[in-house]
Amino acid sequence: MTNFIPIFPLGIVVYPGENLNLHIFEPRYKQLITECNEQKKPFGIPTVLENKMQDFGSLVTISEISKVYDNGEMDIKTKGERVFRVLEVIKEVPDKLYSGAIVNYPDTHERGNIELMRKVMAGIRDLHKLLKVTKEFDKPDDEIRCYEVAHHIGLSLEEEYELLGLLDERQRQEYLKRHLTKVIPMVAGLEQLKEKIGRASCR
């Protein structure tokens with residue numbers, strides 16, 4: 001299935017199911033949000049890396065326009081719905097300030113490996129413990145999807161985008177597991193170094 005969607009390119013990765021607050025100030029995006037809200041239509045947020053719009057992004061719906069300022073700027077709440085791939089960018093849309101794209105919606109195969117996800121979640125908790133960070137996840141480990149935890153393990157923007165482009169949950173689970181296997185020893189080593197320096201007496 002392909003269709004046309006208005007696009008709002010940003011230097012972030014939005015995952016399906018994610019809630020995202022945005023402040024809208026550019027005239028083209030004020031027009032985009034106003035029209036999408038009035039027509040109850042979604043729009044796309046393709047990821048921008050190094051000033052270049054990438055092929056993958058997420059379709060989002062507007063949950064609420066929280067505030068409209070005197071100058072027309074807006075605070076809005078949105079929710080990620082599904083991953084899309086850009087087939088063609090339509091830079092000039094008739095009578096519109098914003099651009100659009102022809103996109104399709106690849107199947108993201110949501111069934112993962114339960115045991116693998118439990119290992120990922122155990123790794124996330126180990127990382128958070130080392131960092132002295134407290135985060136509560138409101139589902140049992142075997143019901144959590146990678147999209148729901150990807151922002152919570154210190155991935156770079158490029159890595160978050162790589163994850164968005166993985167179209168099978170088992171691939172995403174392996175990706176997060178590899179990242180955690182790499183980063184946890186690094187963080188643990190830094191903590192040991194901090195303790196060693198803290199114990200050293202001034203000479």
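Residues numbered from 1 in each chain as written. Predicted model: local features only at pLDDT ≥ 70, side-chain atom pairs only at ≥ 80, totals over all residues. Heavy atoms only, no water.

Colleague: Any details on the pairing of strand β2 (residues 19-24)? Residues and values, ideally.
Modeller: Burial along β2 is one-sided: the residues L20, L22 and I24 are buried and none of N19, N21 and H23 is. In this sheet, strand β5 (residues 74-90) lies alongside β2 in antiparallel orientation, the contact comprising 6 bridges. The partner of N21 across the bridge, within β5, is K77. (Buried < 20%, exposed > 50% of the residue type's maximum accessible area, 1.4 Å probe, protein only. Helix = DSSP H or I, 4+ residues; strand = E, 2+ residues; numbered from the N terminus. Pairing = 2+ DSSP bridges.)

Colleague: With reference to specific residues and values, describe the side chain of K30.
Modeller: With respect to the helices, strands and loops of the structure, K30 is situated in helix α1 (residues 27-39). It turns out K30 is buried and unbridged, and the closest side chain with the opposite charge, E73, is 5.8 Å from it. Only 3.1 Å separates the side chain of K30 from the backbone oxygen of N71, close enough to count as a polar contact. The residues touching K30, leaving out its near neighbours within four places in the chain, are I24, F25, N71, G72, E73 and M74. (Lys, Arg positive; Asp, Glu negative; His and termini not counted. Salt bridge = Lys/Arg side-chain N within 4 Å of Asp/Glu carboxyl O. Polar contact = N/O pair within 3.5 Å; in protein donor to acceptor, adjacent residues only side chain to side chain. Contact = heavy atoms within 4.5 Å.)

Colleague: Mind laying out the packing of aromatic side chains, listing which residues take part and the relevant values?
Modeller: The tally for this structure, following the rule as stated, stands at 4 aromatic pairs. Note on Y15 and Y147: the rings are 5.5 Å apart at their centroids and 25° apart in plane angle, and the pair reads as stacked. With Y15 in the loop between β1 (2-6) and β2 and Y147 in helix α3 (residues 146-149), the pair connects residues that are 132 residues apart, well separated along the chain. Y147 sits in the buried class, given a relative accessible area of 3%. Here the aromatic cluster, defined as three or more aromatic residues joined through ring pairs, consists of F8, Y29 and F43. Lying over the aromatic face of Y105, R82 brings its terminal NZ or CZ to 4.1 Å of the ring centre. (Phe/Tyr/Trp six-rings, centres within 6.5 Å; stacked < 30°, edge-to-face > 60°. Lys NZ or Arg CZ within 6 Å of the ring centre and 35° of its normal.)

Colleague: How would you summarise the nonpolar core if you had to cite specific residues and measurements?
Modeller: Ranked by internal contacts, the top residues of the largest apolar core, which has 29 residues, are I124, V149 and L176. Among the elements that line this core, the one with the most residues is helix α5 (residues 169-199), at 6 residues. If sequence neighbours within four positions are ignored, V149 has contacts with M117, M121, I124, F137, I144 and L176. Core analysis: the second largest hydrophobic core is formed by 16 residues, F8, Y29, L32 and C36 among them. (Core = buried A, V, L, I, M, F, W, Y, C linked by side-chain atoms within 4.5 Å.)

Colleague: How would you sum up the side chain of Q54? Please name residues and give values.
Modeller: Among the secondary structure elements, Q54 is positioned in strand β4 (residues 52-68). Polar contacts involving the side chain of Q54 include one to the main-chain carbonyl oxygen of K52, which spans 2.9 Å. Those residues in contact with Q54 that lie beyond four places of it in its chain are P46, T47, L49, V86 and Y161.

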